[in-house]
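Architecture and fold: a report
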Amino acid sequence: MTRSRRKIRRCLPRSRYSYREYSPQGRFLEVFEVVQFEHLPCTSDTGLEGTCLHEIDCTNQGGTGMGSCADGFGTCCIVYVEVSNVEGPLIFSMQTITEEARLYSIKITQLTAWDQLAAPTGCLQYFKEDQGHLESFNYRDRSEIGILRSSSYMNNFNYAMCIERAPNSCSVTYTNVGEMQIVNYDTDGLPVIPPQQAGVEIFNCPTDYLLIAAVRLCGERLNDGSVLQDFSLDAPVTDDSAGPIVIRFRSDGIYTGRGFKLHYQQNSCAK
Ligand SMILES: [Ca+2]
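About the cut-offs
Residues numbered from 1 in each chain as written. Predicted model: local features only at pLDDT ≥ 70, side-chain atom pairs only at ≥ 80, totals over all residues. Core = buried A, V, L, I, M, F, W, Y, C linked by C-beta atoms within 7 Å. Buried ≥ 20, exposed ≤ 12 C-beta atoms within 10 Å, placed from the backbone. Helix = DSSP H or I, 4+ residues; strand = E, 2+ residues; numbered from the N terminus. Contact = placed C-beta atoms within 7 Å. Pairing = 2+ DSSP bridges. Axes fitted to C-alpha atoms, helices over the stretch in contact; angles between N-to-C directions.

- In the annotation of an unreviewed UniProt entry, the protein chain is listed under the name (African queen) hypothetical protein and assigned to Danaus chrysippus.

Structure, rendered in structure tokens:
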């Protein structure tokens, strides 16, 4: 009998599964491989977030399987809201300007500063993998709980995305993997830079921009000019700054674009 691998939905607390059958000679055969996995947050193929559980646990807890877990490569947007030591209840309110009915699916987890999942102070988003994706809010053009929608970041953003530095990591390289659009307009209402171009620094990106390695980046391409001077093309952007890894995003109170989806890769100091 050959060993077979049992399908695992990897998502949070550590679980251990094994299944054994006994041969006619009385010796057991390991039919299913013993697998241990962390019950970590995960994102379904359709964008819904959940907790990675074995399919049996998922069913026992009244959950619905949404596909296998994301191998730590997910695009989780766990938004961290710091509430200090205030006493509850904590009230979460939603504001909308449309008369259309809305449906929300929101998972809330309370964390202490000592929790493994807790983010450093000031980080609205926190990514703990050595590689992954950074995505602006409302970037996706569809979701399981809604219909097709117009993707756009929002006005008056000013937040930080933080990445936990991996052991022996000395730099991070960012690449554009989506339809980037971070817009800037002058006082006459005209685009500061032409379409399908990368913008760099304050003259190109006065209001809406990503801040990576202290450089403002905007436009419809990701390119800081360090490795490629053709700003009609994307080019990798590498931050070799020491200390915490922080990417900031800002927008002003008027004009918005699609946003961004970047891949980040932490690089070994040996490189
Ligand atoms: Ca703007």
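Once you've had a look at it, read on.
**Observations concerning the nonpolar core**
- Grouped together as the largest cluster of nonpolar side chains are 28 residues, with contacts concentrated most on Tyr174, Ile182, Leu210, Leu217 and Leu222.
- Going through the elements one at a time, strand 7 (158-163), strand 8 (169-176), strand 9 (198-200), strand 10 (209-212), strand 11 (215-219), strand 13 (245-250) and strand 14 (261-268) are the ones with two or more residues in this core.
- For Leu217, the residues in contact, after removing those within four places along its chain, are Gly199, Val200, Cys205, Tyr209, Leu210, Ile212, Leu222, Asp224 and Val237.

**Description of the sheet that holds strand 10**
- On the basis of which strands lie adjacent, the open sheet formed by six strands has the order 5-7-13-10-11-9 and mixed pairing. Since the sheet does not close on itself, it has two edges, and those belong to strand 5 (125-127) and strand 9, each with one partner. Recorded for the sheet is a direction-independent mean angle of 25 degrees between the axes of neighbouring strands.

**Regarding the sheet that holds strand 14**
- Across the sheet, four strands lie side by side as 6-14-8-12; this open sheet has antiparallel pairing. At either margin of the open sheet sits one strand with a lone partner, and together these are strand 6 (131-135) and strand 12 (237-239). Across the sheet, the mean angle from the axis of one strand to that of its neighbour is 25 degrees, orientation sign disregarded.
- When strand 8 meets strand 14, the two strands line up antiparallel, connected through seven bridges. By the bridge assignment, Thr173 is partnered in strand 14 with Gln265.

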